[in-house]
Amino acid sequence: MKKNLLFLGMAVAALASCTNDEVFDINKSNKIQFDGFVNKDTRAVTNTDGDINKFHVFGYYGTTNVFNNVAVLKDGATWSYTNPVAWTANQYQFGAYATKNESDQLAGVAFADGKLTFTNYTAADANDLVAAVASVDNTGLTNATVGFTFKHLLSKVKFALTNGTDKGYTMKVSNITFNVLPAGTCVYDGAAAWTPSGSAASLSFAGTTANIAAAATFTSEDHIVIPNQGLSEMKASFKVEFYDASDNKVDEKEYTNVALKLNDAGTEKWKPGYSYTYTATITSTTNYIQFAVTSVDAWTEQNAGAALN
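Within each chain, residues carry numbers counting from 1 in the order of the written sequence. For this predicted model, a pLDDT threshold of at least 70 governs which residues receive local features, and a threshold of 80 or more governs which side-chain atom pairs are given and counted, while totals over whole chains, interfaces and linings are taken from all residues. As a rule here, side-chain values come from all non-hydrogen atoms in the structure, and water together with hydrogens is ignored.

A look at the sheet that holds strand β13 (residues 183–188)
So, point 1. For two strands to count as paired, DSSP must find a minimum of two bridges between them. Note on conventions: DSSP H or I runs of at least 4 residues are helices, E runs of at least 2 residues are strands, and numbering of each starts at the N terminus. Taken in spatial order, the 4 strands of this open sheet run β6-β7-β13-β14, and their pairing is antiparallel. At either end of the open sheet lies a strand with only one pairing partner, and these are β6 (109–112) and β14 (192–197). The mean angle between the axes of side-by-side strands here comes to 15 degrees, regardless of whether they run parallel or antiparallel.
So, point 2. Of the pairings in the sheet, the one linking β13 to β14 comprises 6 bridges and is antiparallel in character. Counted as the bridge partner of Y188 is A192 from β14. Each axis is a line fitted through C-alpha atoms, taken for helices only over the stretch in contact, and angles between the N-to-C directions span 0 to 180 degrees.

If you want it as structure tokens, here you go:
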């Protein structure tokens, strides 16, 4: 079986701009406020489109904690949190995260030494994960708004299979699976360092619901995965069937142990904030998969409405 891997790596994209104009008992000029943006993904992940209306914040100066996993909520055009905190003349460190599931206050999250640590985090398609850290020198009592730049911490994977028959047959695809470690621990200080963990579990992608014409491509849905995986020992399996003009099945192939390498040496791993598309051309006249490499499309950064992909 000939196997060449194609991947499309896409750089991180971004989320939201927000200011807190809620009036509290503390004078607005002395209240700690938050402002942030996250790149808006140019390729949406299934089940993760929509606005985000909540993120959670940690913060401290010296040995004094001022925020400990505190929810910051959006109300119309404003953001607010309960028990507003006043600035003092100190050097502050802040960390924040958000998931698509707005009810989530994640367990196993800690913030120390300017680093967020997510322990035993499990990837799920409904929950993208973004995070930000910020350092604020308020020793001069400038009381500036805390500026967050959120980044995607997870990776995305999908498949694009092209019907390469030279006989005009249509194609169906099914049973796309591969094993992946479902959880991991991440340390984030502006860059995400992941250590995958857990027992390998099968990740399945829905197949075609209609026949794919000759030269056309079936593209699967995305799955969110824990980064720092993708070595050559990861193997995919899938099944293809070919049909003639009368919708009679004329060929069937089942592929197993297809290496999901990102480079020829099999040493490159999935990176946080990247979307990988594994692409293959399938023919009905050969018994091997032909892989090709195309260009890498970068995600674009932009200030956007409060959207999380």
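Now that the structure has been shown, we can carry on.
Some words on the pattern of salt bridges
A side chain with one charge may pair with a side chain of the opposite charge, provided their charged atoms come close.
So, point 1. We count a salt bridge whenever a side-chain nitrogen from Lys or Arg sits within 4 Å of a carboxyl oxygen from Asp or Glu. Tallied over the full model, the rule gives 4 salt bridges.
So, point 2. The salt bridge partner of K249 is E241, with a shortest N-O separation of 2.9 Å.
So, point 3. K249 is paired through a salt bridge with E252; the nearest N and O atoms lie 2.9 Å apart.
So, point 4. In this structure E252 comes out as partly exposed when scored by relative accessible area, which is 40%.
So, point 5. Through salt bridges that share partners, K239, E241, K249 and E252 make up one connected network. A simple rule labels every residue: compare its accessible area, found with a 1.4 Å probe on the protein chains alone, to the largest value its type can have, and call it buried under 20%, exposed over 50%, or partly exposed in between.

Some remarks on the confidence of the model for the protein
So, point 1. Along the chain, pLDDT gives the predictor's confidence residue by residue, from 0 to 100. When pLDDT is averaged along the protein, the result is 78; 75% of the residues meet or exceed 70.
So, point 2. Per-residue pLDDT stays below 50 along residues 40–50; that stretch engages in 51 contacts with residues further than four places along the chain or on separate chains. It only takes one pair of heavy atoms within 4.5 Å for two residues to be counted as in contact.

Brief notes about the environment of T267
So, point 1. Relative to the helices and strands, T267 resides in the loop between β19 (249–259) and β20 (275–282).
So, point 2. Relative accessible area serves as the criterion here: at 53%, T267 is assigned to the exposed category.
So, point 3. Separated by 37 residues in sequence, T267 and G230 have C-alpha atoms that sit 8.0 Å apart.

A short note on the sheet that holds strand β12 (residues 170–180)
So, point 1. Ordered in space as β15-β12-β18-β19, the 4 strands form an open sheet in which the pairing is antiparallel. Of all strands in the sheet, those with a lone pairing partner are β15 (201–205) and β19, marking the two edges. Adjacent strand axes in the sheet meet at a mean angle of 15 degrees, parallel and antiparallel pairs treated alike.
So, point 2. Alignment of β12 against strand β18 (residues 235–243), held across 7 bridges, turns out to be antiparallel. The residue bridging V173 from the neighbouring strand is V240, located in β18.

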